[in-house]
Amino acid sequence: MRNDRIVVCVIGCGKVSDFAHFPALSKNPGCVIKYACDLIPERAWKRKEEYPEVEQVITDYHVALADPEVDAVYVLTPVTGHRDISIDALRAGKHVFCEKPISYTYEMAREMAQEAEKAGKLLDIGVCNRYHRSVELLEQMNREGAFGKIYHVYCSFRNYRCIPQLGGAYTTKELSGGGVLIDWGIHFFDLIFYVLGGVKLQTVTCDTYSEMAKRISDYKYIGMYAGPAQPDGINDVEEFVSGYMRTDKASISFNGAWAQNIDHDEMYIDFLGDKSGARLTYGGSFEFFTTRDGVLQKVEPKYEIPTHYEVESEAFFRAIRTGEKTRAHIGNILESQKVLDILYASAEKREEIRL
Ligand SMILES: NC(=O)c1ccc[n+]([C@@H]2O[C@H](COP(=O)([O-])OP(=O)(O)OC[C@H]3O[C@@H](n4cnc5c(N)ncnc54)[C@H](O)[C@@H]3O)[C@@H](O)[C@H]2O)c1
């Protein structure tokens, strides 16, 4: 702490730091950004140029862990670093905000949760969508019975030419842990579980496909999130996934695609209740459908939409001060990570898994 301001180090100065976390941290008056850290120093220097309040640039995060003034670190590296850096930081007595997915497997995620518990420090996960105002409203409306019984949730996380960094880390299973399911699915399942107030899984079935970029050089992308395709690289992850889950609350069906031969970008979750329904468009807004005299009525809810990354960082900072556990605390996210393991296991065995 410095003059009651929380001192942080940002580890990993790539894309998500650029569009999400540095903008949010720089607007947070309760924060000192003491270190920007990246193995590639130019990336950290770029952040310092953009945010002059960054005090120091480092390439070795251990420097920040050894600094007693540092209260918290942001782990914004690819998933490869999530577990080890978070555990190092927790053991050094720092609070940790770690980007999603938590890690490769549920076991690794549990290990991280246990380390946080042992250290008595916070470990929040970057499930930023839980902080959308629309998501908060849906969760509240469901809790208050606005939907009646939600019996089914359908979710689509499909785009058509968006395999990220084809041939690079995202499509190399050893580095990424999987494809569209772990990368995009985590956000969608986590939202569904949150709005439903948590679920107990009963059966899970899933299929994964890797058909669209069998020859990397033949795949023509429209968006390449993480840089140009690497034609000689590896692509051993799924770019399409489909599945079905039964839970103690609603059943859930889903399709996800980084790429498909249908030129539509469909990113939404439908909550089907016996009284009302809602379509949550990924990224913010939702439509609510109810009935009057048996006729379906569409209601466009009106609400302020603050930047969810700012709300996320404020919640993390508040928790550091009060010791409360936020909705993004790792203990609340483990189920979202666990389901990924089960879905992948079902796809590998090509059979339904009963829990
Ligand atoms: N919540 C969201 O909305 C959201 C959006 C995009 C990405 N993400 C997640 O954020 C994470 C980072 O994604 P990205 O797209 O910014 O990746 P990126 O590759 O653009 O940036 C990661 C940076 O981490 C650095 N790095 C790696 N290991 C390091 C280490 N040991 N020490 C210091 N720096 C190190 C790399 O050099 C790189 O600059 C991923 O887990 C991704 O899934 C979340």
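All values derive from a computational prediction rather than experimental measurement.

Conventions adopted
- Residues numbered from 1 in each chain as written.
- Predicted model: local features only at pLDDT ≥ 70, side-chain atom pairs only at ≥ 80, totals over all residues.
- Domains from an automatic or database assignment.
- Contact = placed C-beta atoms within 7 Å.
- Helix = DSSP H or I, 4+ residues; strand = E, 2+ residues; numbered from the N terminus.
- Pairing = 2+ DSSP bridges.
- Axes fitted to C-alpha atoms, helices over the stretch in contact; angles between N-to-C directions.
- Buried ≥ 20, exposed ≤ 12 C-beta atoms within 10 Å, placed from the backbone.

**Q** For this particular structure, what's the right way to read the domain arrangement of the protein chain?
**A** Frequently, the measure chosen for interface size is the accessible area that the parts lose on association. Structurally, the protein chain comprises domain 1 (6-127 + 309-328) and domain 2 (130-305 + 337-354). Computed over C-alpha atoms, the centres of domain 1 and domain 2 are 26 Å apart. Counting residues at the interface gives 16 residues for domain 1 and 13 residues for domain 2. Looking at the side of domain 1 that touches domain 2, the elements with two or more residues in it are helix 4 (79-91), helix 5 (106-119) and helix 9 (308-322). Counting residues per element, the side of domain 1 that touches domain 2 draws most heavily on helix 9, at three residues.

**Q** How should I be thinking about the sheet that holds strand 14 (residues 295-299) in this particular structure?
**A** Backbone hydrogen bonds hold the strands of a sheet together, and the pairing may be parallel or antiparallel. Strand order in this open sheet of nine strands is 14-13-12-11-7-10-9-8-15, and the pairing throughout is mixed. Pairing within the sheet leaves two strands with one partner each, and these edge strands are strand 14 and strand 15 (353-354). Bridge count for strand 8 (residues 201-209) against strand 9 (residues 240-247) is eight bridges, and the pairing is antiparallel. Residue pairing in the sheet places Leu 201 in a bridge with Thr 247 of strand 9. Helix-sheet contacts for helix 6 (residues 133-143) involve strand 7 (150-158), strand 11 (266-273), strand 12 (277-281) and strand 13 (286-292), and the interaxial angle to strand 12 is about 160°.

**Q** Looking at this structure, how should I read the pairing of strand 12?
**A** Residues in a regular strand point their side chains to alternate faces of the sheet. Of the two faces of strand 12, the one holding Ala 278 and Leu 280 is buried and the one holding Gly 277, Arg 279 and Thr 281 is not buried anywhere. Here strand 11 pairs with strand 12 via five bridges, running antiparallel. Opposite Asp 270, over in strand 12, you have Arg 279 as the bridge partner. Pairing of strand 12 with strand 13, which is carried by four bridges, proceeds in the antiparallel orientation. If you follow Arg 279 over to strand 13, its bridge partner there is Glu 287. With antiparallel pairing between neighbouring strands as the criterion, strand 12 and strand 13 make up a hairpin whose turn holds four residues, including Gly 283 at a positive phi of roughly 110°.

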